[in-house]
Amino acid sequence: MDMFGLEREEALAVALAAGARYQLARITLVHKERLMKNMRHFTRVPSSNKIVEKKFVRIGEGSMTYSIGHHRFIEMARAAGAVYKIGTAQGNTILINLELLDEYMEQFREPPTEMKHPLPNRKGGD
């Protein structure tokens, strides 16, 4: 398992912590969606090669993480109250709190809709 560049044992430990690991008699299954949801704000620290959860990001990294433009990202972060300005007026560092932004973004989630032509329910080994 070479997920997130982790060794097998590390990846299994992270999957267990995320509630995404299932141990069967001879194999271990990992619920990929559950693991990805848990890992979305994690990053590798270059100097120590450890994986840490990021609570704050800069604008460029945040807009890439959420796949939206810089201006829209800043707009949404301000509306969420997730913007932190650190430093003097000229040399400000602007950080965005991802937890607050995630909470804010939940209001935009659309409810599931029924498909016009549902996929056939395939049972068995097909």
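A brief look at the structure comes next.

Thresholds applied
- Residues numbered from 1 in each chain as written.
- Predicted model: local features only at pLDDT ≥ 70, side-chain atom pairs only at ≥ 80, totals over all residues.
- Heavy atoms only, no water.
- Helix = DSSP H or I, 4+ residues; strand = E, 2+ residues; numbered from the N terminus.
- Salt bridge = Lys/Arg side-chain N within 4 Å of Asp/Glu carboxyl O.
- Buried < 20%, exposed > 50% of the residue type's maximum accessible area, 1.4 Å probe, protein only.
- Contact = heavy atoms within 4.5 Å.
- Axes fitted to C-alpha atoms, helices over the stretch in contact; angles between N-to-C directions.
- Parallel < 35°, antiparallel > 145°, perpendicular 65-115°, else oblique.
- Nonpolar A, V, L, I, M, F, W, Y, C, P; charged D, E, K, R; others polar.

A separate point is unusual backbone geometry. Notably, S67 is not glycine yet its phi reads approximately 55°, a positive angle. With respect to the helices and strands, S67 occurs in the loop between α3 (59-65) and α4 (70-80).

Attention shifts here to the pattern of salt bridges. Under the defined criterion, the tally for this structure stands at 2 salt bridges. Put simply, R72 and E75 hold a salt bridge, and the shortest N to O gap is 3.6 Å. Of this pair, R72 and E75 both sit in helix α4, 3 residues apart, which is roughly one turn of that helix.

This part is about the side chain of S63. Relative to the helices and strands, S63 resides in helix α3. Judged by its relative accessible area of 4%, S63 falls in the buried class. When near neighbours in sequence (up to four residues on either side) are disregarded, S63 contacts I68, G69, H70 and F73.

Running from N to C, α4 and helix α5 (residues 98-105) point in directions that differ by 90°, and their axes come no closer than 9 Å. Judged by the angle between their axes, α4 and α5 are roughly perpendicular. Between α4, through F73, M76, A77, A79 and A80, and α5, the contact on the second element is made entirely by L100, L101, Y104 and M105. Taken together, the residues of the contact of α4 with α5 break down into 9 nonpolar, no polar and no charged.

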